Structures are given as C-alpha cells and as structure tokens.
Amino acid sequence: MDLGWGNQKASKFITNVGLITSTGKNGQDIMGAEWTYYVSWGPALINVHIADVAKMRGGAGKATLENIRETMEFGVNVAAEDQNAFSSIAGGSSGHDVDKIAVLKEMGAKFFNAKKIKAPMLEGAALHAECKVRQIEDMGDHVMVVGEVLEIESHDAIMPLAYSAGKYYRLGEQLHKPEQAVLDKISALVEKHRKHK
Ligand SMILES: Cc1cc2nc3c(=O)[nH]c(=O)nc-3n(C[C@H](O)[C@H](O)[C@H](O)COP(=O)(O)O)c2cc1C
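Conventions we followed
Residues numbered from 1 in each chain as written. Predicted model: local features only at pLDDT ≥ 70, side-chain atom pairs only at ≥ 80, totals over all residues. Heavy atoms only, no water. Phe/Tyr/Trp six-rings, centres within 6.5 Å; stacked < 30°, edge-to-face > 60°. Buried < 20%, exposed > 50% of the residue type's maximum accessible area, 1.4 Å probe, protein only. Near = heavy atom within 4 Å. Polar contact = N/O pair within 3.5 Å; in protein donor to acceptor, adjacent residues only side chain to side chain. Areas by Shrake-Rupley, 256 points an atom, 1.4 Å probe, with all protein chains shown as cover. 1 Å grid on protein atoms, 1.4 Å probe; cavity = no way out; pocket = protein on both sides within 12 Å on 5 of 7 lines; lining within 4 Å. Sits in = over half its atoms within 2 Å of the grid points. Helix = DSSP H or I, 4+ residues; strand = E, 2+ residues; numbered from the N terminus. Nonpolar A, V, L, I, M, F, W, Y, C, P; charged D, E, K, R; others polar. Arc of directions from axis to C-beta. Contact = heavy atoms within 4.5 Å. Core = buried A, V, L, I, M, F, W, Y, C linked by side-chain atoms within 4.5 Å.

Student: Looking at this model, I keep getting lost on the packing of aromatic side chains. Mind explaining?
Tutor: Ring pairs (aromatic) are described by centroid distance and by the angle formed between their planes. Taken as a whole and assessed by the stated rule, the structure comprises 1 aromatic pair. Here Tyr 163 and Tyr 168 contribute two aromatic rings whose centre-to-centre distance is 5.2 Å and whose plane-to-plane angle is 45 degrees, an arrangement assigned as tilted. Owing to a relative accessible area of 19%, Tyr 163 belongs among the buried residues under this scheme. We classify Tyr 168 as partly exposed; its relative accessible area is 28%.

Following this line, the structure appears as structure tokens:
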C-alpha cells in the first residue's frame, strides 16, 4: 500500500531529529531528518533515510543527499530539546536555495570542526557522530544511507528533542517499575508459559 506523506495512521511513531550536516557541491548544508537511528553496535552504524525527491517528483534531489553521495560522509547532530527552532530551519528549506548554516549562525547557532570529516558539527546537540558512508540503498521512496561511526560524543546533561506527528516534545516523566506484587505476578506468568521447562 501507499500511505503518502503525513498520513495520520503513521503518526504514532516517536523519533529524534537528526540534524544532518554535509559539505560538497552544494556547499555546507544541514537538514532535519527524523528518520535517523542507531542500527548496530559493532560496527557502530547510524542510518538516515532521505526522501528521494528526484525520483518522486523529478528535478533536483535533496542537497544533503547530493553532498553525501559526493563526499561519502556526513555528520549526525541529534537535536537538543532547546533546538526545535534550529530543526525547523534545517528542515524548512533546501541547501540548493538557502545557506541554512549562515541562517543558523545568525540565529545564534555555533558550529565546530569535526575531527574525521569535513562537514561542520552543531554545538549544543545532544549527540555528535561523524560518519562515513558504508552503504546507500533505495528504500521505497527514500534512500537509506548507512553511516559507519568514526567519532561519537554524547552529552549527559543535554536531553534530546522528541518529535511525533509533526510536533516537537520535551521528554517528560520517567516511568518507574511496577510495584513488587505486579513484578511477582509477571515472573510467575513467565514461568507458567515458559516453552522449555
Ligand atoms: C523535524 C523534521 C524532520 C524531517 N525528517 C526528514 C527525514 O527523516 N527525511 C527526509 O528526507 N526529510 C526530512 N525532513 C525534511 C528535510 O529536512 C527537508 O526536505 C530539507 O529541506 C532538506 O534539505 P536539503 O535539500 O538542504 O538537504 C524533515 C524536516 C523536519 C523539519
């Protein structure tokens, strides 16, 4: 089936926002990508799924994807809970048309040089990962970019921004374990239904 963009039925996923930095023929660029996630510990791999607009609508593809195909590297900056406006800027226009890095700098963002890649990294993000591309695959109407992590830093005091159904959220109350009676009941039920006794 084809759900199409923004379908409410697919609105129950909660994601991070990866602010994906790149450089290349479109200059330095940054895009928002909620479909950014960690998929392997060893080797450490992070996937980013980028809409293949060139295939979907013709014309130019996303500037980030073009940069990544050229340089085979990218930066992952997991947006912090106070970076929702930065996320909207990174996701609100294309690096083909707008120098979003310059816009962000004028909005107070600071960038620093990565250690292993040429793309700039965004200060204040909850996590920074420098990635080299290991694989690029068509995945439906998106392109899956698999990045091998070369450097990673995460910041305990900085909470990541949450995103769901097109809205930003701050992570809220932590849920605690059920009370002991419930835990005991769960243990008893697991024993009762264990397949190999
Ligand atoms: C919060 C947010 C999340 C987004 N997630 C994605 C995503 O996962 N994949 C994608 O292709 N585009 C996503 N976008 C849209 C891109 O960020 C947008 O198309 C951007 O203009 C691409 O920039 P570029 O052409 O400079 O690469 C998202 C936008 C926002 C605001």
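Student: Help me understand the site of the ligand in this model?
Tutor: As a structural note, the neighbourhood of the ligand is formed by 22 residues, with Asp 29, Gly 32, Ala 51, Thr 64 and Gly 95 the closest of them. One of the side-chain N or O atoms of Asp 29 is found 2.5 Å from an oxygen atom in the ligand. Here an oxygen atom of the ligand and a backbone polar atom of Gly 32 are 2.7 Å apart. Contact with the protein chains covers 86% of the free accessible surface of the ligand, which is 650 Å². More than half of the atoms belonging to the ligand lie within 2 Å of the grid points that define the largest pocket. Of all the elements in the fold, those that place two or more residues in the shell around the ligand are β2 (29-33), β4 (45-51), α2 (63-71) and α3 (84-92). The biggest single contributor to the shell around the ligand is β2, with 4 residues. Partitioned by chemical class, the residues of the shell around the ligand number 10 nonpolar, 8 polar and 4 charged.

Student: I'm lost on α3 in this one. Help?
Tutor: Note on helix geometry: an α-helix contains 3.6 residues per turn, so any two residues three or four positions apart are oriented the same way. Where α3 is concerned, the buried positions are Phe 86, Ser 87, Ile 89 and Ala 90. Axial view of α3: buried residues confined to an arc of 160 degrees, hence all on one face. α3 presents Gly 91 and Gly 92 as exposed residues on the side facing more than 90 degrees away from its buried surface. Lining the buried residues of α3 we find β1 (18-22), β2, α4 (100-106), β7 (120-122), β10 (161-164) and β11 (167-170).

Student: Mind showing me how you'd approach the nonpolar core here?
Tutor: If you look at soluble globular proteins, the nonpolar side chains tend to sit buried side by side. Of all hydrophobic cores here, the largest spans 18 residues; its most connected members are Ile 20, Ile 50, Ile 68, Phe 74, Val 76, Cys 131 and Val 145. The set of elements that each furnish at least two residues to this core consists of β2, β4, α2, β5 (73-78), β8 (127-139) and β9 (142-154). Once residues within four sequence positions are removed from consideration, Ile 68 is found in contact with Ile 20, Ser 22, Ile 50, Glu 73, Phe 74, Val 133 and Val 145. Counting 14 residues, the second-largest nonpolar core is a separate cluster that includes Ala 79, Phe 86, Ala 90 and Ile 101.

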